[in-house]
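# Commentary on secondary and tertiary structure
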Amino acid sequence: MDLQKYKITQISVFIENKKGRFYNTTKVLKEAGVNIRAMSLADTMDFGILRFVVDKPDVAFESLVEANFIVKKNYVIATAVKDESGGLCELLETINNLNLNIEYMYTFVNALQNKAVMLFKFEDIDEAIEKLLQNNAELLEEKFFKEY
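These numbers come from a predicted model, not from an experiment. (Residues numbered from 1 in each chain as written. Predicted model: local features only at pLDDT ≥ 70, side-chain atom pairs only at ≥ 80, totals over all residues. Heavy atoms only, no water.)

## Some details on the nonpolar core
- By size, the foremost hydrophobic cluster in this structure holds 17 residues, and its most contacted members are I77, I95, L100, F122, I129, L132 and L139.
- Of all elements in the fold, only β4 (70-82), α3 (87-97), β6 (115-122) and α4 (125-134) reach the threshold of two or more residues within this core.
- Sort the elements by how many residues they give to this core and α4 lands first, with four residues.
- When residues no more than four places from it in sequence are discounted, the contact partners of I95 are L100, I102, F120, F122 and L132. (Core = buried A, V, L, I, M, F, W, Y, C linked by side-chain atoms within 4.5 Å. Buried < 20%, exposed > 50% of the residue type's maximum accessible area, 1.4 Å probe, protein only. Helix = DSSP H or I, 4+ residues; strand = E, 2+ residues; numbered from the N terminus. Contact = heavy atoms within 4.5 Å.)

## Here we look at a nonpolar patch on the surface
- A cluster of nonpolar residues, F22, I36, M39 and L41, forms a patch on the protein surface that exposes about 320 Å² of accessible area.
- Of the residues forming the nonpolar patch, the biggest block, three residues, is contributed by strand β2 (residues 36-43).
- Tracing the sequence through the fold places M39 in strand β2. (Patch = residues over 30% accessible without salt bridge, like charges linked within 9 Å, V, L, I, M, F, W, Y side chains within 5 Å. Areas by Shrake-Rupley, 256 points an atom, 1.4 Å probe, with all protein chains shown as cover. Salt bridge = Lys/Arg side-chain N within 4 Å of Asp/Glu carboxyl O.)

## Some details on the side chain of N74
- Structurally, N74 is set in strand β4.
- When its relative accessible area of 14% is taken as the criterion, N74 is described as buried.
- Residues contacting N74, with those up to four places away along its chain left out, are I8, T9, Q10, S12, Y104 and K121.

Shown next, in the form of structure tokens:
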């Protein structure tokens, strides 16, 4: 089974919690012709971690490195979730029953008709992909984020 096609490249940018840093990050992506598909920002008192899924992850990574940002690439899984009461709970019940550890998650809104898209970072991404596919989870391929 080709697990790689279900691994969505995520770009993480470490930014100082200062006025203009978030803007500067998005400006670099704009100038590189990169479209943000999903995003999460977590902050502390001194810094933030900006996580993106974009249409051109390699271009985003290189552009941000060239602009002297601290950047990291890793993988998340995207799964479709029923856009109704309890939809997320049902998926989380499956994940819990499979004993998979979620490190964090965020959403991609309005991606599919009548479904939401959740992005998950798992401790062991290959195990998560295999188990979720075996349990009929609707995983999306990375090409979805390039075509949407």
